[in-house]
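# Inside the fold
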Amino acid sequence: MDIRKLGYSGQRRPKYPNNLISISQLPNYPISFLLLDIPKIMCYIVAMRCKICKNEFIPNKYRPQQQVCSRPECQRLRQIQNEKEWRARNPDYFHYLDQESAWKEKRKRYNRLWKATHQQELQAYQKARQKPRQEYMRDYMRRYRLAKNVNRNKS
Ligand SMILES: [Zn+2]
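Predicted model only: the values in this text are computed from it and were never measured.

What counts as what
Residues numbered from 1 in each chain as written. Predicted model: local features only at pLDDT ≥ 70, side-chain atom pairs only at ≥ 80, totals over all residues. Helix = DSSP H or I, 4+ residues; strand = E, 2+ residues; numbered from the N terminus. Contact = placed C-beta atoms within 7 Å. Expected span 1.5 Å × (residues − 1). Buried ≥ 20, exposed ≤ 12 C-beta atoms within 10 Å, placed from the backbone. Bend = angle between axes of the 7 residues up to and from the residue. pLDDT = per-residue confidence, 0-100.

The next subject is the overall build of the protein chain. Counting its secondary structure elements, the protein chain contains five helices and three strands. Scanning the protein chain from its N terminus toward the C terminus, one meets helices and strands in the order β-α-α-β-β-α-α-α. Counting contacts in the protein chain only where the partners sit at least 6 residues apart, residues at least 24 apart contribute 55% of the total.

With that settled, the discussion passes to helix 4 (residues 96-117). For helix 4, which comprises 22 residues, the first-to-last C-alpha distance of 31 Å matches the rise-based estimate of 32 Å (1.5 Å per residue) to within 8%. Counting buried positions over the 22 residues of helix 4 gives zero, only a small fraction of the element.

Along its length, helix 5 (residues 119-154) shows its largest kink, about 45 degrees, at Gln130, and proline Pro132 lies within four residues downstream of that point. Burial runs low along helix 5: only zero of the 36 residues are buried.

Here Glu56 lies in strand 3 (residues 56-57). Take Glu56: there are 16 C-beta atoms within 10 Å of it, and that puts it in the partly exposed class. C-alpha of Glu56 to C-alpha of Cys69: the two residues are 13 residues apart in sequence and 7.9 Å apart in space.

Taken as a whole, the protein chain shows an average pLDDT of 79; of its residues, 74% reach a score of 70 or greater. Helix 2 (residues 38-42) is the least confidently modelled element of the protein chain, averaging 56 in pLDDT, while helix 3 (residues 72-89) averages 93, the highest of any element. Confidence drops under pLDDT 50 across residues 6-18; counting only partners more than four residues distant or on other chains, this segment forms 19 contacts.

What follows is the structure in structure tokens.
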């Protein structure tokens, strides 16, 4: 039975661990104590056993699920372990540059394939766009030459 799931609130905890219950000791308490005195138990501190150094500790009141004690050595090890697990879960995360180039290669291959297999559509599109494109290019070159001449006259 997990006492912390019975509405246990960290704010109710007394300041000093006078009534410390360790989880390893829980089975030694009579079941009537555990079931009937729930409000009382909720005021108790439930000590946890550190996963790393195996010492008992009192979890932070904002994190009653804490499994590693607050000793800097244990916290450092916990951090390293978490990073290891995270890297195992996300093996490709630090290869994002390669991923991007791979994605570009994939797109290029796809586009080449599409062009090869849709020649008729491409030609129809080019034919339809030919006249507007010619007009656009004519205008563009006219503006370009004008700007060039203006610059030449300036200098
Ligand atoms: Zn520890």
